[in-house]
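Given next are the chains, with one letter for each unit.
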Amino acid sequence: MSITPAFALPDFLYGTAWKEDRTPNLTELALRTGFRGIDTANQRRHYFEDGVGQGLAAAYRAGVVTRADLFLQTKFTYQPGQDHRLPYDPQASLSVQVEQSMASSLVHLGTDHVDSYVLHGPASNYDWTEDDAEVWHAMGKERDAGHTRFLGVSNVSLDHLLGMAATGAEFPAFVQNRCYARLGWDRAVRQFCTEHKIIYQGFSLLTANQEVVNHPLIATVATNANATPAQIIFSFARSIAMLPLTGTSDAKHMEQDLESQNLKLPAEAVKVIESLAG
Ligand SMILES: NC(=O)c1ccc[n+]([C@@H]2O[C@H](COP(=O)([O-])OP(=O)(O)OC[C@H]3O[C@@H](n4cnc5c(N)ncnc54)[C@H](OP(=O)(O)O)[C@@H]3O)[C@@H](O)[C@H]2O)c1
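All residue numbers refer to position in the chain's written sequence, counted from 1. Only residues with pLDDT of 70 or above have their local features reported here, since the model is predicted, and side-chain atom pairs are shown and tallied only from 80 upward, although totals for entire chains, interfaces and linings are computed over all residues. Hydrogens and water are ignored here; the side-chain numbers use all heavy atoms of the structure.

**What about the overall build of the chain?**
The criterion, for reference: The helix and strand labels rest on DSSP assignments: H or I over at least four residues marks a helix, E over at least two residues marks a strand, and numbering proceeds from the N terminus. Our radius of gyration looks at C-alpha atoms and nothing else; its globule reference is 2.2 Å times the residue count to the power 0.38. Three labels apply to residues, based on accessible area from a 1.4 Å probe with only protein chains included: buried if under 20% of the type maximum, exposed if over 50%, partly exposed otherwise in between. A contact between two residues is defined here by any heavy atoms of the two lying within 4.5 Å. When charges are counted, Lys and Arg contribute as positive and Asp and Glu as negative, whereas His and the chain ends are disregarded. Note on charges: their place is set at NZ of Lys, CZ of Arg, CG of Asp or CD of Glu.
When you go through the chain residue by residue, the secondary structure sums to 11 helices and 8 strands. Whereas a compact globule of 278 residues would reach a radius of gyration of roughly 19 Å, the chain reaches 18 Å, a difference of no more than 12%. Classification of the 278 residues of the chain by burial places 53% in the buried group. At a minimum sequence separation of 6, the contacts of the chain that also span at least 24 residues come to 72%. Treating the 22 positive side-chain charges of the chain as one cloud and the 31 negative ones as another, the clouds have centres 6 Å apart.

**Concerning helix α5 (residues 158-166)**
The line we're drawing: Note that the arc is defined by the directions from the helix axis to the C-beta atoms.
Those residues of α5 lying buried are His160, Leu161 and Met164. The buried side chains of α5 occupy one side of the element, clustering within an arc of 95° when seen end-on. Among the exposed residues of α5, those pointing more than 90 degrees away from its buried face are Asp159 and Ala166. Backbone geometry just downstream of α5 places glycine 168 in the positive-phi region, at approximately 85°.

**What about the pairing of strand β5 (residues 148-154)?**
Going by this rule: Only when DSSP finds a minimum of two bridges between them are two strands counted as paired. Crossover handedness is defined by viewing with both strands directed away from the observer: a clockwise path from the first strand over the helix to the second marks the crossover as right-handed.
In terms of burial, β5 is a largely internal element, 6 of the 7 residues being buried. By the bridge criterion, 5 bridges tie strand β4 (residues 114-119) to β5 in an arrangement that is parallel. Among the inter-strand pairings, leucine 119 is bridged to a residue of β5, identified as valine 153. For the handedness criterion, the β-α-β arrangement of β4, helix α4 (residues 130-144) and β5 is classed as right-handed. The pairing of β5 with strand β6 (residues 174-178) spans 3 bridges and is classified as parallel. Paired with serine 154 across the strands is glutamine 176, a residue of β6. As a crossover connection, the stretch from β5 through α5 into β6 is right-handed.

**Some thoughts on the site of the ligand**
Filter applied, for reference: When we say a residue is near a molecule or strand, we mean one of its heavy atoms is within 4 Å of it. Definition of a polar contact: a pair of N or O atoms within 3.5 Å, with one able to donate and the other able to accept a hydrogen when the atoms are protein atoms, and with sequence-neighbouring residues admitted only if both atoms are side-chain atoms. Accessible surface area values rest on a Shrake-Rupley calculation with a 1.4 Å probe, where residue burial reflects the displayed protein chains alone. Residue classes follow a fixed rule: Ala, Val, Leu, Ile, Met, Phe, Trp, Tyr, Cys and Pro count as nonpolar, while Asp, Glu, Lys and Arg count as charged, and any other residue, Gly among them, counts as polar.
Close to the ligand lie 26 residues; Asp39, Gln176, Ser204, Thr248 and His253 are nearest. Residue serine 154 places a side-chain N or O atom 2.8 Å away from a nitrogen atom belonging to the ligand. For the ligand, an oxygen atom lies 2.8 Å from a polar atom in the side chain of asparagine 155. Protein coverage of the free-state accessible area of the ligand, which is 910 Å², stands at 79%. A total of 3 residues in the shell around the ligand trace back to one element, the largest contributor, which is helix α10 (residues 251-259). Grouping the amino acids of the shell around the ligand by side-chain chemistry returns 7 nonpolar, 14 polar and 5 charged.

**Re the packing of aromatic side chains**
Basically, it comes down to this: For Phe, Tyr and Trp, where Trp contributes only its six-membered ring, two rings pair if their centres lie within 6.5 Å, and the inter-plane angle classes them as stacked under 30 degrees, edge-to-face over 60, or tilted in between. Think of it as a cone above the ring: NZ of Lys or CZ of Arg counts as a charge over the ring if it is within 6 Å of the ring centre and within 35 degrees of the ring normal.
Taken as a whole and judged by the stated rule, the model has 10 aromatic pairs. Connected via pairs of aromatic rings, a cluster forms that spans Phe12, Tyr14, Phe35 and Phe234. Sitting over the ring of tyrosine 180, arginine 182 keeps its end group 4.4 Å from the ring centre.

**Observations concerning the sheet that holds strand β1 (residues 13-15)**
Where we set the bar: Fitting a line to C-alpha atoms yields each axis, with helices limited to the stretch in contact; the angle taken between N-to-C directions then spans 0 to 180 degrees.
With parallel pairing, 8 strands are arranged side by side around a closed barrel as β1-β2-β3-β4-β5-β6-β7-β8. In this sheet, adjacent strand axes meet at a mean angle of 30° when their direction is disregarded.

**Some words on the side chain of serine 101**
Here serine 101 is to be found in helix α3 (residues 94-109). Excluding anything up to four places from it in sequence, serine 101 contacts Asn42, Lys75, Phe76, Pro87, Tyr88 and Tyr117.

**Structural notes on the environment of leucine 243**
Here leucine 243 is to be found in strand β8 (residues 242-246). For the pair leucine 243 and phenylalanine 203, spaced 40 residues apart in sequence, the C-alpha separation works out to 9.0 Å.

**A closer look at the pattern of salt bridges**
Counted only if it meets this: A pair is scored as a salt bridge if a Lys or Arg side-chain nitrogen falls within 4 Å of a carboxyl oxygen belonging to Asp or Glu.
Within the structure shown, the criterion is met by 10 salt bridges. A salt bridge links arginine 67 to aspartate 115; its shortest N-O distance comes to 2.9 Å. Of this pair, arginine 67 sits in the loop between α2 (49-61) and β3 (71-76) while aspartate 115 sits in strand β4, placing them 48 residues apart in sequence. The pair formed by arginine 67 and aspartate 115 is uniform in burial state, with each residue classed as buried. Ionic pairing is found between lysine 252 and glutamate 255, a salt bridge with its closest N-O pair at 3.8 Å. Of the two residues, lysine 252 and glutamate 255 are both situated in helix α10; the distance of 3 residues between them amounts to about one turn of the helix. We classify glutamate 255 as partly exposed; its relative accessible area is 38%. Salt bridges linked by common partners bring Arg67, Asp115 and Arg149 together as one network.

**Quick notes on the nonpolar core**
What counts here: Side-chain atoms within 4.5 Å are what join buried Ala, Val, Leu, Ile, Met, Phe, Trp, Tyr and Cys residues into a set we call a nonpolar core.
In this structure, Val153, Val175, Trp185 and Ile232 are the most contacted members of the largest nonpolar core, which totals 65 residues. Of all hydrophobic cores here, the second largest spans 10 residues; its members include Phe71, Phe150, Phe203 and Leu245.

If you want it as structure tokens, here you go:
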């Protein structure tokens, strides 16, 4: 199965979390290495979105890419997920917070629109709440105003998605989740995504699944393909219709991660890896 979006989408997203002062240089390096999808969030606690914008600007100045070459994705984060450096007035309604967070993201990223705007995580770990419905509606208004092309949700369970569907809300274009091998690589959510033509973005593919990455079977598949175990995991992810993220800070790993796009895993290997529990 391969990802067949109705719009141009990169095969890999470069994640910018936890890079602090190195964010501008690493964002620029990722673009120079060939990444065309950038994932960030207006959540200063884990991301330096303004630094991402600095990296983009440096790449534009150097003629590496133009804005039109890129897929830029950022997120709205509820106050409990933030520290004191809020991108909105916490006294304002959630709808206004979405507006303010988006306006601030556009300034940080030096653009008049992003390609994808993602709800970083629902308000409750269990249900799709009225707060989520308000925020989702406000995000829809941002899309209608031309500030984003598509909408997404992150850190969601099947229950969240079913709850969202029950409100009659439009489905997201993207779901971005931490992908655990021990949950069948998030099988239930991926299945929902397939049924509703939602593109599943997987993060922590290496860090959440160390036992699988180090599994002898992966080593054998890697040797046969003349690739590294990390490349096998990313290639596997793509084989099951996932859009993978990598947050590597290493120049060589950036190259290897992108090169994994050229690997074609035998169907049997994909089946076996899918059944590996971490
Ligand atoms: N929505 C959310 O709540 C959420 C949460 C977490 C992350 N994210 C997004 O997802 C992005 C990626 O996060 P992540 O958790 O997947 O990854 P990550 O924590 O950034 O870490 C990737 C790890 O894999 C290693 N790695 C990458 N390529 C490798 C290779 N070819 N060979 C060996 N090791 C390799 C990296 O080491 P080196 O640096 O040494 O290469 C690093 O230790 C984040 O930056 C963020 O944008 C979103």
